[in-house]
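Remarks on the overall topology
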Amino acid sequence: MVYRNVYEAVLGTINFLINMILIDGKKEAADLRGELRGEVLKLKSEHNKIPGLTVILIGDLTPSQIYVRNKEKAANEVGLKSEVIKYPDSVEEKTILDKIKELNIDDSVSGILVQLPLPKHINKQHVIETISPDKDVDGLHPMNVGNLSSGYQGSIPCTPLGCYFLIKKVEPNLRGKKAVMVGRSNLNGKAMAQLLLQEDCTVTITHSKTKDLQGECLEADVIVAAVGIPELIKGDWVKKDTIVIDVGINKTENGIVGDVKFDEVSKVAKALTPVPGGVGPMTIACLLKNTIECFKRAQKK
Ligand code: NAP
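Residues numbered from 1 in each chain as written. Predicted model: local features only at pLDDT ≥ 70, side-chain atom pairs only at ≥ 80, totals over all residues. Heavy atoms only, no water.

**Structural notes on the site of the ligand**
The condition that has to hold: We call a residue near a molecule or strand whenever a single non-hydrogen atom of that residue lies within 4 Å of it. For this analysis, a polar contact is any N or O atom pair within 3.5 Å, provided that within protein one partner can donate a hydrogen and the other can accept it, and provided that sequence-adjacent residues contribute only side-chain to side-chain pairs. Put simply, DSSP marks the helices as runs of H or I at least four residues long and the strands as runs of E at least two long, and each gets a number from the N terminus on. Throughout, the ten residues Ala, Val, Leu, Ile, Met, Phe, Trp, Tyr, Cys and Pro are labelled nonpolar, Asp, Glu, Lys and Arg are labelled charged, and all others, Gly among them, are labelled polar.
Neighbouring the ligand are 20 residues, the closest being Arg184, Ser185, Asn188, Ser208 and Thr283. Thr283 has a polar side-chain atom sitting 2.9 Å from an oxygen atom of the ligand. In terms of residues, the shell around the ligand owes the most to one element, helix H11 (residues 279-300), which gives 3 residues. Taken together, the residues of the shell around the ligand sort by class into 8 nonpolar, 11 polar and 1 charged.

Rendered as structure tokens:
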């Protein structure tokens, strides 16, 4: 599209933005928290106790501290019992594993989350595998990874679960759609792929060795970008009518940006999540949902 002057360009942009669905993750997350608040009240009256989330925070990385504070605030808002246990950077791995084992057998704790990343001397896999699969609200325990890929009940990683709800809000029927994951981390791309496969999408998982990433994206009806490269996905990588979910959170000198070049992609996509205000708030709401689901499964045992 060629514009003859600035006025036309602004009007053109507004028109594109009006036609495009800007997926409001903040609103969707607030709605979900509202539902969860009602569910917690119901569970309290049925069982005379409430679900509890315990977060272990190691070290003083600012982003981790902010995430944990936001999680605690959201947990309190929906009426969950919430506890944060803090350790210094120098804490030994054994201390953390022993604490997790203690929490595993504590009936007042429904969900355990160890905030990532961990200091280098603590083995992430040891930590993940020590958390009981029944309390693994991050959905990273191999048992839960297996449950998800087998279509069995279990915790689903919070970010992909949040993305899934956002996609379904725009397009409830995903059968036969072509979905492209950009990024194959356990936390994001792989779990997201499983969720969309369960919705009968045809799923492609791309990664750093993918030969023609633009070509793969151009085939997609749904793109989920979880890469960690600022504005990697450009406007001419996306076809009209594609739903684009931007998981990326990248700190740049121009502020926080996603993995998707918003100003370009918003002009072609059917729907797009902003960064911030898209996937992030849903991730936290889904953590609360996972905690409640763990509580409910524990009551049935
Ligand atoms: P990660 O573990 O570093 O994985 C990144 C993935 O991107 C890898 O699979 C990597 O491929 C792939 N990749 C790297 N360069 C690529 C390229 N040029 N083309 C295609 N794929 C490429 O990252 P992550 O934990 O999934 O996080 C991704 C982003 O999401 C980060 O910005 C993170 O901050 C953000 N995040 C946001 C939330 C939220 O709540 N919004 C939650 C979690 C993460 P290889 O496997 O080949 O290396």
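There's more to say after this.
**Side note on unusual backbone geometry**
The omega angle of the peptide bond from Leu116 to Pro117 is 0 degrees, so this bond is cis rather than trans. Along the polypeptide, Pro117 turns up in the loop between strand E4 (111-114) and helix H5 (124-130). At the junction of Val275 and Pro276, the peptide bond is cis and its omega measures out at 0 degrees in the coordinates. Within the secondary structure, Pro276 is located in the loop between strand E11 (271-272) and H11. In this structure, Glu231 is a non-glycine residue whose phi angle is positive, near 55 degrees. Locating Glu231 in the fold gives a position in the loop between strand E7 (222-225) and strand E8 (243-246). A positive phi angle, near 75 degrees, is found at Asp241, a position not held by glycine. With respect to the helices and strands, the residue Asp241 is situated in the loop between E7 and E8.

**Some words on a nonpolar patch on the surface**
To keep things clear, this is the line we draw: Candidates for patches are residues over 30% relative accessible area with no salt bridge; among them, like charges are joined within 9 Å and nonpolar side chains (Val, Leu, Ile, Met, Phe, Trp, Tyr) within 5 Å. The accessible surface values rely on the Shrake-Rupley method and a 1.4 Å probe; as for residues, cover is taken only from the protein chains in view. By definition here, a salt bridge exists when the distance from a side-chain nitrogen of Lys or Arg to a carboxyl oxygen of Asp or Glu is within 4 Å. Here the term buried applies to any residue with accessible area under 20% of the maximum for its type, exposed to any over 50%, and partly exposed to those in between, with areas from a 1.4 Å probe on protein chains only.
Judged by side-chain polarity, Tyr67, Ile249 and Ile256 come together as a nonpolar surface patch covering roughly 270 Å² of accessible area. With respect to the helices and strands, Tyr67 occurs in helix H3 (residues 62-78). What makes Tyr67 partly exposed here is its relative accessible area of 36%.

**Some remarks on empty space enclosed by the protein**
Operational definition: With a 1 Å grid spanning the protein atoms alone, the term cavity applies to any set of points in which a 1.4 Å probe fits but cannot get out, the term pocket to an open set with protein on both sides within 12 Å along at least five of seven lines, and the term lining residue to any residue with an atom within 4 Å of a point. Grid points are joined across faces, edges and corners, and a volume is the space filled by probe spheres set on the points.
The full count for this structure, using the stated rule, is 1 cavity of 30 Å³ or more. The volume enclosed by the largest cavity comes to roughly 80 Å³. As for the largest cavity, its lining consists of Ile112, Leu113, Val114, Leu116, Val127, Ile128, Ile131, Asp136, Asp138 and Leu140. For the lining of the largest cavity, the element with the most residues is E4, which contributes 3 residues. Per-class residue counts for the lining of the largest cavity are 8 nonpolar, no polar and 2 charged.

**So, the nonpolar core**
Inclusion rule: Buried Ala, Val, Leu, Ile, Met, Phe, Trp, Tyr and Cys residues that are joined via side-chain atoms within 4.5 Å together make up what is termed a nonpolar core. Domain delimitation in this document rests on an assignment produced automatically or drawn from a domain database. Any two residues whose heavy atoms approach within 4.5 Å at even a single point are treated as in contact.
Formed by 51 residues in total, the largest nonpolar core has its most connected members in Ile167, Met192, Leu196, Val224, Ile243 and Ile245. Counting residues per element, this core draws most heavily on H11, which supplies 10 residues. Counting residues domain by domain, this core receives three or more from each of domain 1 (49-137) and domain 2 (157-281). In this structure Leu196 touches Ile167, Leu174, Ala179, Met181, Cys201, Val203 and Val224, once residues within four positions along its chain are discounted.

**What about the sheet that holds E8?**
Backbone hydrogen bonds are what pair the strands of a sheet, in a parallel or an antiparallel way. Worth spelling out the cut-off: A pair of strands is considered paired only if DSSP assigns at least 2 bridges between the two.
Judged by pairing direction, the sheet is parallel, and its 6 strands sit side by side in the order E1-E11-E8-E7-E5-E6 without closing on themselves. With one partner strand each, in any of the chains shown, strand E1 (21-22) and strand E6 (202-206) form the two edges of the open sheet. With 5 bridges joining them, strand E5 (residues 178-182) and E6 adopt parallel strand pairing. Bridging across to E6, Met181 finds its partner in Ile205.

**Observations regarding the packing of H3 against H11**
The cut-off we apply is this: To obtain an axis, a line is fitted to C-alpha atoms, over the contacting stretch when the element is a helix, and the angle between two such axes runs from 0 to 180 degrees between their N-to-C directions. Comment on the angle field: the value is read as roughly parallel under 35 degrees, roughly antiparallel over 145, roughly perpendicular from 65 to 115, and oblique elsewhere. In this scheme the crossing of two helices becomes right-handed for a clockwise turn of the near helix relative to the far one and left-handed for an anticlockwise turn of less than a right angle.
Between H3 and H11, whose axes approach to 10 Å, the crossing angle comes to 55 degrees. The angle between H3 and H11 falls in the class oblique. The chirality of how H3 crosses H11 is right-handed. For the pair H3 and H11, contact is made by Asn70, Lys71, Ala74, Ala75 and Val78 and by Ile284, Leu287 and Leu288, respectively. For the contact of H3 with H11, the residue count by class is 6 nonpolar, 1 polar and 1 charged.

**Points about the layout of surface pockets**
By volume, the second largest pocket amounts to about 400 Å³. As for the second largest pocket, its lining consists of 22 residues, and the residues nearest its centre are Asp134, Cys294, Arg297, Ala298 and Lys301. Breaking the lining of the second largest pocket down by element, the ones donating at least two residues are helix H6 (142-150) and H11. If you tally residues by element for the lining of the second largest pocket, the top one is H11, at 5 residues. For the lining of the second largest pocket, the class distribution of residues is 6 nonpolar, 9 polar and 7 charged.

**Looking at the state of the cysteines**
We apply this condition: Working definition: a disulfide is two cysteine sulfur atoms within 2.5 Å of each other.
Counting across every chain of the model gives 0 disulfides. With no disulfide partner, Cys217 has as its closest neighbouring cysteine sulfur the one in Cys201, 15 Å distant. We classify Cys217 as buried; its relative accessible area is 0%. Cysteine Cys286 is unpaired, with the sulfur of Cys158 as its nearest cysteine sulfur at 6.7 Å. Cys286 sits in the buried class, given a relative accessible area of 0%.

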